[in-house]
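# Overview (structure and organization)
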Amino acid sequence: MPRDWSDLFLVDGTAAAASAADESPEKRRGFFKRLRENMSKTRQALGAEIQATLFDTLNEETWERLEEALIMADVGAATTARVVAQLEAEAESGTVEGGEALTARLVELLAGIARPQEPDAGRIDLRHAPTVIMAVGVNGTGKTTTIGKLAWHLQQELGKRVVLGAADTFRAAATEQLQGWAARAGCDIVVGAEGSDPGAVAFDAVARGREQGADVIIIDTAGRLHNQEHLMDELAKIRRVIQKQMPDAPHETLLTVDATTGQNGLRQAQLFSQAVPVNGVVLTKLDGTAKGGIALAIAGELNLPVKLIGIGESLEDLRPFDADDFARALLDGAEPG
């Protein structure tokens, strides 16, 4: 799965390694250090129970404590049960012995759940001309900020021409925020009057992108309407409007989930997936929660790949999701080799 921006995106069937320089080992270690520091709340909550000493005496209480710790971190009941059952079976069979070995195996099991099962499922496909990305999620999750940061990385680091569509016309602040990001990224943006038809803005954004020869068009959408049913209907409508110009679009639908909401985030993912085909999740605000295990619940229980994570406010704090780094940061904090 992708480990940096250069291989997050698929271009002509391959990762876009040629479009951006691979990150140096020093830069990767620097990001892992920030990831570890910013996920300290979750790791400390887990660390109170999950230590090498937990496995010194293996009995029913051991597995109950492990189960409780994972559930408290919002790993999810079903995913937790699967992990604990697997680790217990391997311990009883003698396949894995000793506290450190069991902890390391736990990291492997968690990484395996977080890792997409299908090849390239964790990447974003840019093999369309242009690629249309639809961003969905409730207000307050960091959706608009994520769009802005993603546009910046595409335009400034990968040399892609990007057009933004501010189709969250029900919230003037969202349009203003997106305009600020468009200026920062150096990309074009299509906006509509406050309260205007979001579908019309999405249609115009796709038309503008096609006219200008853009590589990527990213459409922001509303995160709150009069009620849940209206919101989902609006998203389905925007999708249909986009398809009038490009029948196979949107090519990616990214759902932004606030990690601090824990199991509510899991329910949001379920709800949005029922309304529109969600290709992947952007998990934000991991730096402010002890519920970082929600990434595992989303991947394990909904089979939705987490493609990007947000661990802070800076541009560098939106990153491609790496399951191995995430699992290490979640539990032992050991630096990747």
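Definitions and limits used
- Residues numbered from 1 in each chain as written.
- Predicted model: local features only at pLDDT ≥ 70, side-chain atom pairs only at ≥ 80, totals over all residues.
- Heavy atoms only, no water.
- Helix = DSSP H or I, 4+ residues; strand = E, 2+ residues; numbered from the N terminus.
- Contact = heavy atoms within 4.5 Å.
- Areas by Shrake-Rupley, 256 points an atom, 1.4 Å probe, with all protein chains shown as cover.
- Phe/Tyr/Trp six-rings, centres within 6.5 Å; stacked < 30°, edge-to-face > 60°.
- Buried < 20%, exposed > 50% of the residue type's maximum accessible area, 1.4 Å probe, protein only.
- Axes fitted to C-alpha atoms, helices over the stretch in contact; angles between N-to-C directions.
- Parallel < 35°, antiparallel > 145°, perpendicular 65-115°, else oblique.
- Left-handed = near helix turned anticlockwise from the far one by under 90°.
- Nonpolar A, V, L, I, M, F, W, Y, C, P; charged D, E, K, R; others polar.
- Expected span 1.5 Å × (residues − 1).
- Patch = residues over 30% accessible without salt bridge, like charges linked within 9 Å, V, L, I, M, F, W, Y side chains within 5 Å.
- Salt bridge = Lys/Arg side-chain N within 4 Å of Asp/Glu carboxyl O.
- Lys, Arg positive; Asp, Glu negative; His and termini not counted.
- Charge placed at Lys NZ, Arg CZ, Asp CG, Glu CD.
- pLDDT = per-residue confidence, 0-100.
- Pairing = 2+ DSSP bridges.
- Core = buried A, V, L, I, M, F, W, Y, C linked by side-chain atoms within 4.5 Å.

### Details of the overall build of the protein chain
When helices and strands are counted, the protein chain shows 12 helices and 11 strands. Within the protein chain, counting contacts between residues at least 6 apart in sequence, those at least 24 apart form 76% of the total. Accessible surface computed for the protein chain: about 13800 Å², of which carbon and sulfur atoms make up 45%.

### Side note on the packing of aromatic side chains
Under the counting rule described, the total for this entry stands at three aromatic pairs. Ring centres of Trp5 and Phe9 lie 6.1 Å apart, and the angle between their planes is 25 degrees; this geometry places the pair in the stacked category. For the pair formed by Trp5 and Phe9, the shared burial category is buried. Between Phe55 and Trp63, the aromatic rings sit 6.0 Å apart at their centres with planes inclined by 45 degrees, giving tilted as the arrangement. Like Trp63, Phe55 is buried.

### Description of the packing of helix H9 (residues 228–245) against helix H10 (residues 263–275)
Running from N to C, H9 and H10 point in directions that differ by 50 degrees, and their axes come no closer than 9 Å. Between H9 and H10, the angle falls in the class oblique. For the crossing formed where H9 meets H10, the hand is right-handed. Residues Gln228, Leu231, Met232 and Leu235 of H9 pack against Leu271, Phe272 and Ala275 of H10. Looking at the contact of H9 with H10 residue by residue, the classes come out as six nonpolar, one polar and no charged.

### Topic: H9
Look at H9: 27 Å from first C-alpha to last across 18 residues, which is about the 26 Å you get at 1.5 Å a residue. Among all positions of H9, only Leu231, Met232, Glu234, Leu235, Ile238, Arg239, Val241, Ile242 and Gln245 are buried. On its buried face, H9 sits against strand S4 (131–136), helix H8 (198–212), strand S7 (216–220), strand S8 (252–258) and H10.

### Observations regarding a negative patch on the surface
A cluster of acidic residues, Glu60, Glu61, Glu64, Glu67 and Glu68, forms a negative patch at the surface. Glu67 sits in the partly exposed class, given a relative accessible area of 32%.

### Here's the deal with the confidence of the model for the protein chain
Of all residues in the protein chain, 89% attain a pLDDT of 70 or more, and the chain-wide mean is 87. Note on residues 17–21: pLDDT is under 50 here. Beyond four places in sequence and across chains, it has eight contacts.

### Quick word on the environment of Gly293
As for its position among the elements, Gly293 is in the loop between strand S9 (280–284) and helix H11 (294–302). With 217 residues separating them in the primary sequence, Gly293 and Gly76 have C-alpha atoms 7.7 Å apart.

### Description of the sheet that holds strand S10 (residues 306–310)
Strand order in the open sheet formed by eight strands is S6-S5-S7-S4-S8-S9-S10-S11, with mixed pairing between adjacent strands. If you trace the sheet from one side to the other, it starts and ends with strand S6 (188–190) and strand S11 (318–320), each paired once. This sheet shows a mean twist of 25 degrees between the axes of neighbouring strands, independent of strand direction. Here helix H6 (residues 143–157) sits on the sheet in contact with S4, strand S5 (162–166), S7, S8, S9, S10 and S11, set at roughly 170 degrees to S7.

### Comments concerning the nonpolar core
Among the nonpolar cores identified, the biggest contains 74 residues, and Ile50, Leu66, Leu283 and Ile298 are the most heavily contacted of them. It is helix H5 (residues 99–114) that contributes the most residues to this core, eight residues altogether. The contact partners of Leu66, leaving out residues within four places of it in the chain, are Ile50, Leu54, Phe55, Val84, Leu87 and Leu106. Ile133, Ala185, Cys187 and Leu318 belong to the second largest nonpolar core, which has 30 residues in total.

### Quick notes on the pattern of salt bridges
Inspection of the entire model under this criterion finds 14 salt bridges. Two residues, Asp258 and Lys285, come together in a salt bridge whose shortest N-O distance is 3.6 Å. In this pair, Asp258 is assigned in strand S8 and Lys285 in the loop between S9 and H11, connecting sequence segments 27 residues apart. Residue classification places Lys285 among the partly exposed residues on the basis of a relative accessible area of 33%.

### A look at H5
Along an α-helix, residues three or four apart share an orientation, since each turn contains 3.6 residues. In this model, H5 (16 residues) spans 23 Å end to end at C-alpha, consistent with the 22 Å of a helix rising 1.5 Å per residue. Taken together, the buried positions of H5 are occupied by Gly99, Leu102, Thr103, Leu106, Val107, Leu109, Leu110, Ala111, Ile113 and Ala114.

### Let's talk about the packing of helix H4 (residues 77–93) against H5
Following both chains from N to C, one finds H4 and H5 inclined at 140 degrees, their axes separated by 10 Å at the closest point. The orientation of H4 with respect to H5, classified from their angle, is oblique. Crossing of H4 over H5 shows right-handed handedness. Contacts between H4 and H5 involve Thr79, Arg82, Val83, Gln86, Leu87, Glu90 and Ala91 on the former and, on the latter, Leu102, Arg105, Leu106, Leu109, Leu110 and Ile113. In the contact of H4 with H5, the residues fall into eight nonpolar, two polar and three charged.

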